[in-house]
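One-letter residues, chain by chain:
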Amino acid sequence: MIIHHPILGPRDAQEFVYLGDASLIDRPDGMTAGVEAFHEYLYQRTNPAGEHQELWYHEQGDRSWLVITRNTVTHEITKVELARDVARSRGRSQ
Amino acid sequence: MTQSHRIAGGQIDRSKTLRFTFDGIPYQGHPGDTLASALLANGVRLMGRSFKYHRPRGPLSAGSEEPNALVELRTGGRQEPNTRATVAELFDGLEANSQNRWPSLRFDALSINDRLNTFFAAGFYYKTFMWPKAFWEKVYEPIIRRAAGLGSVSREEDPDAYDKGFLHCDLLVIGAGPAGLMAALTAGRAGKRVILADEDFALGGRLNAETLTVGGAAGGDWAAGVVAELATLANVRLMARTTVIGAFDHGIYGAVERVSDHLAVPVIGKPRQVLWRIYSKRAILAAGAIERPIAFENNDRPGIMLAGALRAYANRWGVKAGERVAVFTNNDDGLRTAADLKSKGVEVAAVIDGRDGAEVIDTSGRLGLKSIRVRHSNGRIEDIRVDALGVSGGWNPNVNIHSHHRSRPVWDAAIAGFVPGNDGPPGLVVAGAAAGFLSTHGALRTGRDAAIAALGLTGAAPDLPEAEDAPVCITPLWHVNHGKGRAWIDQQNDVTVKDVKLAKQENFTSVEHMKRYTTLGMATDQGKTGNVIGLAVMAELTGRSIPETGTTIYRPPYTPVAMGALAGRSRGKDFKPYRLTPSHHWATEQGAVFVEVGNWLRTQWVPKAGETEWRQSVDREVLATRKSVGICDVTTLGKIDIQGTDAGAFLDRVYANTFSTLAVGKCRYGLMLREDGIVYDDGTTARMGEHEYVMTTTTANAVTVFRHLEFCRQCLWPDMDVQLISTTEAWAQFSVAGPNARKLLEKLVDQDISDAAFPYMGAGNVTVCGGLRARLFRISFSGELAYEIAVPTRYGDALLREMLARGAEYEPIVYGTEALGVMRIEKGHVAGGELNGQSTALHMGLGKMVSKKKDSIGMVLSQREGLADPDGYRLVGVKPVDPNGRLTAGSHFLAIGAAPVAANDGGWLTSKVYSPHIGCDIALGYLKGGNAKIGSRMRAVNLVGGTDTEVEIVSPHFFDPDGERLRG
């Protein structure tokens, strides 16, 4: 696969490490959320046949974490974003 | 016998003679021959034995779809099994051997399987070899493996190199027949970067095998002319002997180039094969079509081949497959074979045209075809003496690569074949016969048009040369209904019409089930000739149409790929290169013994003269360290510099314990959890400045912890001001431990490091040896007064030698990972065996380190009921009651007198060493409710190793439990 890195352009997927569902960005606050919420966060995943947002890490590159929108059936990649930007857009800060 | 079957013409160089052997018998051929064409030229038809029934077989085809003529090429380390004789390019000195036969190809003892064929129908494995269960591994499988099989491997190392390479182009053209050549010419003349790849050593595809003309010239000559023009274009790369093996994601194609397979040995410096990764947004699949046979009784004898192959051998290689031939066809193309052979002076005894109702119903000739039995349309049965029969059941467009992204081909009744659907790999266009355009004109036209469309060309395109445009006149004929004998569909897997009937009878009617039940379409040829017939027969049996029955699809690779090509240079030590520590050269000089730790090669122990047994060295290293001073290379630990105004807050989030409160110039043990609450990693982290920390990780997790920290920083807390960089390779780091550790270091460190100036858990930047920058940490894994000192990596070797020289009066020793392990277990420190991915801080006796006053990764889920069970596993120390008793890591705890069954399992020993201080084996382990059991006795049982030792459960802190030594 070829991943169009928002900063570095097209890169071979071999340079990346795959983590999983981009919902891992949405970590609950440990001081307010309980075990149930963390259980949902850590273990519950949808497994779509189709568009999927997922986290990839450019380990053999600039160490960016990326959120990639990929079709799990065709492997078509329709969007690549810096995970930091996605996290901010979802309200994460410090 | 010298090339008795060679006839005039063909693309072989008769001015040169190549000598080769097959099963030890010498033969001759010419450049341009394949092994199959050369053997046929010498009158050799028998080339192999079939997989299951050991039936005598000759080549069915003249290409890579060959199911029968599989041979072993070359000898020794270069021996290669299961090579298709039909594509093996002949070279002088080639040694080839038949396979799957004993004692010889002509007299194969296991041909008894053929007589016993009723026992070996589809599914016979599943039905026959079921009971008794224990027989499978020891009796059935070894016998089956010996009896049914393909070639053998030499078990010698392959002496040749294999490479990997990367190519980029605007257009990849797969196949250099008329469609591919026209596409490449169109794109090449337009200045586009073109790669034209073909598996054959001669470009031109089917044009080389036909007598048809293109633009008034012989087809082969036209192809040679186009190839010559393409060779002059700098933007075109011609890749003969190159098989495109798969269409992968996003315009990436795999290809294997056989650089040296046509040579006795590779040219010095050249690889045998190259695995190319070709990046091209646009590709044209012009892979042609593959002829299929017709199933009739005993249709697998040597001498029976595809009609197109029969004429390819005559036209391209100047070989007549027999003295007297017949053709059995259901379409016009088969008639070409009869015409071509006749024009070459070969006697054509009969043309049996299924469209007229005539059929071949049986054949004879045990080791090669002697006669065919024909049932004419009027019902008359006639035996005709022939020694070669060309069979054409029509042509299947070669859709293989087009279906690599799961595109299902669609049925085209006009040609009675599957053509590519419209949902193939993005950017891949199909042209020529592969797209169902089976005439030469159709190939040329669609090849040109595909290039124009794929690249959006607007300029003048090459003119189309004049060529035949004959329609496909075909009446489907899949199998001949006659008799009770076997009619082969898939010759490689010995699958017959009967097997498909049996599959239907047992309700394996879906094509996927049929494939797995009968093995139709498996093995090296992947059903290139047999698949469509198999499903057509199933369609007929079930009363469904072929489109309703459906088809299996192809996966990469298109043809088998040598393991060497996939491995490339990654073999032997290059598969996983060692990382060497800064002390490696010194340790090598000392004759140290090394151990692999991940990619690292670490010193395990350093034997002294006279030490014959490893324990002598390890015990000495432990005792000398605890007595005076020992040095250990700990460079392999991960090191991460963490800086920024939020560095402390960040560490509080990623560590279970608190770091923001750590004073500058101090370090602290840190415990890192996974989000699920299990302990992930540990290490010491020092605060070097207000906003500057240095973290260490375990050797094993150096890479993944860094990845995890970047995840936390970028994805969870994107606005924290914190920066990370891995400095594992930047610093050489040594542990200096023992009562004289400070005295030794004082001889090198330029600053005051007295206990007052540099107390326990102190950390700071210092200089050594008169100005070299260094980092010093007063931390201890061994339990001794100890430091870790780091210098830039290139000074590591010098630092070690300086420490040993300047500190000589303290008789320092260098210790390895074994002594390191002994000392950490004597102190009850956890390491790999305890950080096993299943254990929490509570299990390790470190529960209080998990701060609930702040959010940190894993804090919440570490409190889950199951993990916080007060009677759960706890880290304990273990000693044998009898000091001579032996412990083994992995032993399980059992109560005295309890039966060794899972229900009584109390936990397990995680790490075990011999302690020279305690004077016996000691171990750490996880024991259920362990804290309450300290002081009690249990058994450590290892059923695998056969040990059962009574043990005392003790505190994990065997040595200096109050830590007086490390504060000294």
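Here, every reference points to the structure presented above.
Throughout, residues of each chain are indexed from 1 in the direction in which the sequence is written. Just so you know, chain letters begin at A and ligand numbers begin at 1, following the order they were written in. Selection of residues for local features in this predicted model requires a pLDDT of at least 70, selection of side-chain atom pairs for listing and counting requires 80 or more, and totals for whole chains, interfaces and linings are taken over all residues. Excluded from the side-chain calculation are hydrogens and water; included are all heavy atoms of the structure.

Colleague: I tried to follow the packing of aromatic side chains on my own but got confused; where do I start?
Modeller: Between two aromatic rings, the relevant description is the distance of the centres plus the angle of the planes. Here a Phe, Tyr or Trp ring, Trp counted by its six-membered ring, pairs with any other such ring whose centre lies within 6.5 Å, and the pair is stacked when the planes are under 30 degrees apart, edge-to-face when over 60, and tilted otherwise. Summed over all chains, the structure comprises 18 aromatic pairs over all chains. With centroids separated by 6.4 Å and ring planes inclined at 80°, the aromatic side chains of phenylalanine 16 of chain A and tryptophan 56 of chain A adopt a geometry described as edge-to-face. One end of the pair, phenylalanine 16 of chain A, is in the loop between β2 (9–12) and β3 (17–21); the other, tryptophan 56 of chain A, is in strand β4 (residues 51–57), with 40 residues separating them in the sequence. With respect to class, phenylalanine 16 of chain A is no different from tryptophan 56 of chain A; both count as buried. A network of ring pairs unites the aromatic residues Phe16, Tyr18 and Trp56 of chain A as a single cluster. When the ring centre of phenylalanine 959 of chain B is taken as reference, the NZ or CZ atom of arginine 626 of chain B above it lies at 4.0 Å. Secondary structure elements are defined from DSSP: runs of H or I of at least 4 residues count as helices, runs of E of at least 2 residues count as strands, and each element is numbered from the N terminus. Throughout this description, buried means an accessible area under 20% of the type-specific maximum (1.4 Å probe, protein chains only), exposed means over 50%, and partly exposed covers the range between. Over a ring means this: the NZ of a Lys or the CZ of an Arg is within 6 Å of the ring centre and within 35 degrees of the ring normal.

Colleague: Where do I start with a positive patch on the surface in this structure?
Modeller: Each patch is assembled from residues with relative accessible area greater than 30% and no salt bridge, linking like charges that lie within 9 Å and nonpolar side chains (Val, Leu, Ile, Met, Phe, Trp, Tyr) that lie within 5 Å. Note on areas: Shrake-Rupley, 1.4 Å probe, and residue coverage restricted to the protein chains presented here. For salt bridges, the criterion is a side-chain nitrogen of Lys or Arg within 4 Å of an Asp or Glu carboxyl oxygen. For this count, His and the chain ends are skipped, Lys and Arg are scored as positive, and Asp and Glu as negative. A charged residue contributes its charge at one atom only: NZ of Lys, CZ of Arg, CG of Asp or CD of Glu. A surface patch of positive charge is lined by Arg106, Arg115, Arg366 and Lys370 of chain B. Along the polypeptide, arginine 366 of chain B turns up in the loop between β22 (359–364) and β23 (371–375).

Colleague: Teacher, can you tell me more about the interface of chain B and chain A here?
Modeller: Where interface size is quoted, it is often the accessible area lost as the parts come together. Every residue pair with non-hydrogen atoms within 4.5 Å of one another is taken to be in contact. In this assembly, 35 residues from chain B lie in contact with 38 residues from chain A. Accessible surface is computed with a 1.4 Å probe, and the buried area is the amount of it that two parts give up when combined, taken over both parts together. Across the chain B/chain A interface, buried area totals approximately 3100 Å², and carbon plus sulfur atoms make up 53% of it. The three residues of chain B that bury the most area against chain A are His250, Arg707 and Gln714 of chain B, which together make up 20% of that side's buried surface. Here chain B is connected to chain A by six salt bridges. Across the salt bridge formed by aspartate 719 of chain B and arginine 88 of chain A, the nearest N and O atoms sit 2.6 Å from each other. For the side of chain B that touches chain A, the elements supplying multiple residues, two or more each, are β16 (273–279), α18 (702–716) and β40 (723–726) of chain B. Ranked by residue count, the leading element in the side of chain B that touches chain A is α18 of chain B, at nine residues.

Colleague: I would appreciate a short explanation of the sheet that holds β16 of chain B in the present structure.
Modeller: For sheets, the rule is that strands pair by backbone hydrogen bonds, running either parallel or antiparallel. Residue and element names in this part refer to chain B. With mixed pairing, the four strands of this open sheet are ordered in space as β8-β16-β15-β14. Of all the strands in the sheet, the pair left with one neighbour each is β8 (162–168) and β14 (242–247). Neighbour-to-neighbour, the strand axes of the sheet open up by a mean angle of 25°, direction not taken into account. Between any two strands, pairing holds if DSSP finds at least two bridges. Lines fitted to C-alpha atoms define the axes here, with helix axes fitted over just the stretch in contact, and angles between the N-to-C directions of these axes take values from 0 to 180 degrees.

Colleague: What is the right way to look at the sheet that holds strand β45 (residues 813–814) of chain B in this model?
Modeller: All names here are of chain B. If you trace the six strands from one edge of the open sheet to the other, you get β42-β43-β44-β41-β35-β45, paired in mixed fashion. For this open sheet the edge positions go to β42 (763–768) and β45, each flanked by a neighbour on one side alone. Pairing geometry for strand β43 (residues 772–777) and strand β44 (residues 786–792), over three bridges, is antiparallel. Bridge assignment links leucine 776 to a residue of β44, and that residue is isoleucine 789. This element, helix α20 (residues 796–806), spans β35 (630–633), β41 (731–737), β42, β44 and β45 of the sheet and lies at about 20° to β41.

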